[in-house]
Amino acid sequence: MINDSSLFAGLDDVDWAALHHAYGPAVEVPELLRGLVDDDPAARETALDGMYGAVHHQGDVYDSTLATIPFLLDAAARPQLPGRGPIVELLGSYAGAEYDDVDEDEDDEYADEEEVAHQMAARAAIADARPVFLALLADPDPEMRAAAAGALMVRPDAGISAALSDRLAVEADEDVRKALLDLLGRLGRLARTGRLTGVDPAGLLAPLVETLTADGPPQPRLAALAQLVEAAEPPGVDVVATALALFDALYAREAPPPSPAGFTTDTLRGAVRQLGERELAGRPSPPAAPLVQQLSAALGDRVGERTRLLTALLDAPEWYRRHDAIAPVQRLVDGWRGPYRELVARLGEQLLDPEPRLAGAAASSLRHLDVLAAPAADAMVRALDAAPREARHDRGAPPWVIRWGGGEAALGPVPVALAALADRRVLPVLRWALEQDQPPEDVGQAVAALGPAAAELVPLIRDRLRDLPDAPERFRSSLVYALGRIGPAAAPCLPELLARLPDDGAARALAALGPAAVDAVPALRRATGSDEWRQRLPAASALWQVTGDAELVLPVLARSLEGTTFEARDAARGLAELGPAAAGTAPRLRELCAAADSTGWLPLAAAVALWRVTGDAAATLPTLLSAWRANSYTAREVVRHLAEFGPLAADAVPLLRAELARVRRHNVREATWTTDQVAADEELLRYCRAALDAIG
């Protein structure tokens, strides 16, 4: 630690115990602040992890966060201190400098007022520190120069634009030049959309054009190309051909990977750092994955060009080129619709490469592609034949079963992907996994994906439910879910399912057994009397599926139509199964079609039930379409039922055609990701085509 009594002056005079962070009183903040500039890099990493983990948890700003700003600015301005670059990055993150729409949070009617006030105060304090960051643009440390440039984006204006352009004109470090070009491109986009005034967008983009067309190093030129593409400024070249030529030049450069830090810390940041070190080990050329992703993302809806770029990289002889393309391929398929057969087939080929990092990355990318993973199925089977039965999550090529540090187990990505394809060739893997003393907790989900094709596993599932009474509930619930997806062939497990009633999962599994579960009728009738509607309604639906006797279940479902929004929604779904037998509930269903529900789910469920009960398309179709327009997440549920209407659903044709014409997946949002977004969207597309066929 630098021995300077003026450093952090007044730090111990702050009543930190009266301030708070994500986990309570902020008493450890002085220790964290001092750790940020410790001579020991392990201490700095631990302190930085603590700052992001508590004082700035998930981007939040607390009163303790605000109290650290003067001390962080003081440390950043002292050139003799270590760790200043990450400190400036932390300050920029406090203010949301990486986001263009951060000020919109102030108008969010659902935001916490105190939290918004803290965020506004942090942005104001860090914007006022502009002179500090402007001075740091000339700092001898390249990491500091890049961090300072990013922090200046808190309140960008014409002065900031000029300062970044001036710095670019004299900057020699390639990494800093790339950062400056990225920021100028971002400023150009803000100016083009009117969010940055007093600046000529063309003037901001001129340095990018100059960088791209000059005979310089490839990394800044690739950054300039990506920014020009994203700014919708045609660079006057074939983007993909130019990019591939620049990547050729970049990969041809010799640049041994950075030496490992030589220390470990028990922190998330440390784990991520070590993972990065392992990923870079043995590469003879500079890491290019961020540039590949940046350019692919910049192309946006130009799926054909993105596919062409990534396919060429996956065809490269060097494993590291192919490795750099895998994550961008996954992001492309995750978020955009397109013809991906060849691209996915090439992903499958990487599973058979002797480089374990390549196989591991490809397997992770295939895991959630659902039906789109089919072109890689044969390669996945061959990879399973050669894979270890189990291994640690960070050890080599993906195994059948992954063992985590605490001993917990999960299926590897390849069996999960094959099961999603309902490929019976994965059955030996699932059987082996079920037979283990500590089976993977998610194995039931994979069995469920196979559906009736997994019927041969029913005796083993029954054994596991009986002989592992202390297994985690997630594991046991997944097996129950699997039995329901297998269907009537799971009838031998009836005693095990009965033992779990009135659990709603068990009731749904019994419903899937249908008449084969006739011995469950007494228990299901008892469950329909539960005080808890989440147990009562699944039991009623199961009773209907098993007996077909509407009189047994209609009173239960009708009563719940008067319940809360969620209870009424689920009751309507149950009544839809009864069809005309539930005619007496039609008046209440008509009322619920007009219910106030901002999500649209309750009116949608009521409309489907009313259609099934009465066949009244005129009264129900508008409600379905209204729900779809109001909440895109209802799209699958709406379109799933439209085929039932046939020609009566002609009014839905424009919506169906518009959906099929979209390039982006319907359920993808910025900064969010879900494991089922490809599967859900591909299902929606199938429903849309079926509905159009039915409408004729």
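Owing to the predicted nature of the structure, the values given are computational and were not obtained by experimental measurement.

A. Representation of the overall build of the protein chain in the model. Secondary structure assignment for the protein chain yields 36 helices and five strands. Taken over the C-alpha trace, the protein chain has a radius of gyration of 29 Å; the compact-globule value for 696 residues is 26 Å, and the two agree within 12%. Carbon together with sulfur atoms contributes 53% to the accessible area of the protein chain, which is approximately 30200 Å² in total. Each charge class in the protein chain can be summarised by its mean position, and for the 68 positive and 102 negative side chains these summaries are 6 Å apart.

B. How the structure looks around the environment of Leu692. When you line up the elements, Leu692 lands in helix α36 (residues 677–695). Taking the C-alpha atoms as reference, Leu692 lies 8.8 Å from Ala652; in sequence the two are 40 residues apart. Those residues in contact with Leu692 that sit more than four places away from it in its chain are Val653, Leu656, Arg657 and Leu660.

C. Representation of the sheet that holds strand β5 (residues 409–411) in the model. The sheet built from three strands is open, its strands ordered β3-β4-β5 with mixed pairing. The open sheet has two free edges, formed respectively by β3 (390–392) and β5, since each of these has just one partner strand. Neighbouring strand axes in the sheet, compared pairwise and without regard to direction, differ in orientation by 30 degrees on average. One ladder, built from three bridges, connects β3 with strand β4 (residues 401–403); its direction is parallel. Bridging across to β4, Arg392 finds its partner in Arg403.

D. Spotlight on the packing of aromatic side chains. Applying the stated criterion across every chain yields a total of seven aromatic pairs. Look at Phe8 and Phe71: their rings are 6.5 Å apart centre to centre, the planes differ by 65 degrees, and that puts the pair in the edge-to-face class. On the criterion of sequence distance, the pair formed by Phe8 in the segment before β1 (20–21) and Phe71 in helix α3 (residues 63–76) is long-range, its members being 63 residues apart. Pair check on accessibility: Phe8 and Phe71 agree, each one buried. The ring of Phe263 has Arg273 lying over it, and the distance from NZ or CZ to the ring centre is 4.4 Å. It is Arg306 that lies over the ring of Trp336; its NZ or CZ is 4.2 Å from the centre.

E. Structural detail: unusual backbone geometry. With an omega of 10 degrees, the peptide bond between Leu501 and Pro502 qualifies as cis. Residue Phe8 is not a glycine yet carries a positive backbone phi of 60 degrees. Looking at Phe8, the relative accessible area reads 6%, which means it is buried. Not every positive phi belongs to a glycine, and Ala422 is a case in point at roughly 55 degrees. Counting through the fold element by element, Ala422 comes out in the loop between α20 (413–420) and α21 (427–435). According to the relative accessible area criterion, Ala422 is partly exposed, its value standing at 38%.

F. Examining the pattern of salt bridges more closely. Within the structure shown, the criterion is met by 49 salt bridges. Notably, a salt bridge pairs Arg425 with Asp378, separated by 3.0 Å at the nearest N-O pair. Taken as a pair, Arg425 in the loop between α20 and α21 and Asp378 in helix α19 (residues 377–386) lie far apart in primary sequence, 47 residues in all. Look at Arg425 and you get partly exposed, because its relative accessible area is 39%. Given a relative accessible area of 45%, Asp378 falls into the partly exposed group. Salt bridges linked by common partners bring Arg337, Glu659, Arg662, Arg665, Asp681 and Glu682 together as one network.

G. Fine view of the packing of helix α17 (residues 341–350) against helix α18 (residues 356–366). Where α17 contacts α18, the axes come no closer than 8 Å and their chain directions differ by 140 degrees. Between α17 and α18, the angle is such that the two are oblique. Of the two possible hands of crossing, α17 and α18 adopt the one that is left-handed. Residues Val344, Leu347, Gly348 and Gln350 of α17 lie in contact with α18, whose contacting residues are Leu358, Ala359, Ala362, Ser365 and Leu366.

H. Expanded view of the packing of helix α26 (residues 504–513) against helix α28 (residues 533–547). α28 packs onto α26 with a crossing angle of 10 degrees between their chain directions and a minimal axis gap of 8 Å. Judged by the inter-axis angle, α26 sits roughly parallel to α28. Crossing of α26 against α28: the hand is left-handed. On the side of α26, the interface is formed by Asp504, Ala507, Arg508, Leu510 and Ala511, while α28 contributes Arg534, Pro538, Ala539, Ala542, Gln545 and Val546. Of the residues assigned to the contact of α26 with α28, the class counts are seven nonpolar, one polar and three charged.

I. Fine view of the side chain of Thr634. Relative to the helices and strands, Thr634 resides in the loop between α33 (617–630) and α34 (635–645). For Thr634, the residues in contact, after removing those within four places along its chain, are Thr599, Trp601, Leu604, Ala627 and Trp628.

Parameters and conventions
Residues numbered from 1 in each chain as written. Predicted model: local features only at pLDDT ≥ 70, side-chain atom pairs only at ≥ 80, totals over all residues. Heavy atoms only, no water. Helix = DSSP H or I, 4+ residues; strand = E, 2+ residues; numbered from the N terminus. Rg over C-alpha atoms; globule rule 2.2 N^0.38 Å. Areas by Shrake-Rupley, 256 points an atom, 1.4 Å probe, with all protein chains shown as cover. Lys, Arg positive; Asp, Glu negative; His and termini not counted. Charge placed at Lys NZ, Arg CZ, Asp CG, Glu CD. Contact = heavy atoms within 4.5 Å. Pairing = 2+ DSSP bridges. Axes fitted to C-alpha atoms, helices over the stretch in contact; angles between N-to-C directions. Phe/Tyr/Trp six-rings, centres within 6.5 Å; stacked < 30°, edge-to-face > 60°. Buried < 20%, exposed > 50% of the residue type's maximum accessible area, 1.4 Å probe, protein only. Lys NZ or Arg CZ within 6 Å of the ring centre and 35° of its normal. Salt bridge = Lys/Arg side-chain N within 4 Å of Asp/Glu carboxyl O. Parallel < 35°, antiparallel > 145°, perpendicular 65-115°, else oblique. Left-handed = near helix turned anticlockwise from the far one by under 90°. Nonpolar A, V, L, I, M, F, W, Y, C, P; charged D, E, K, R; others polar.

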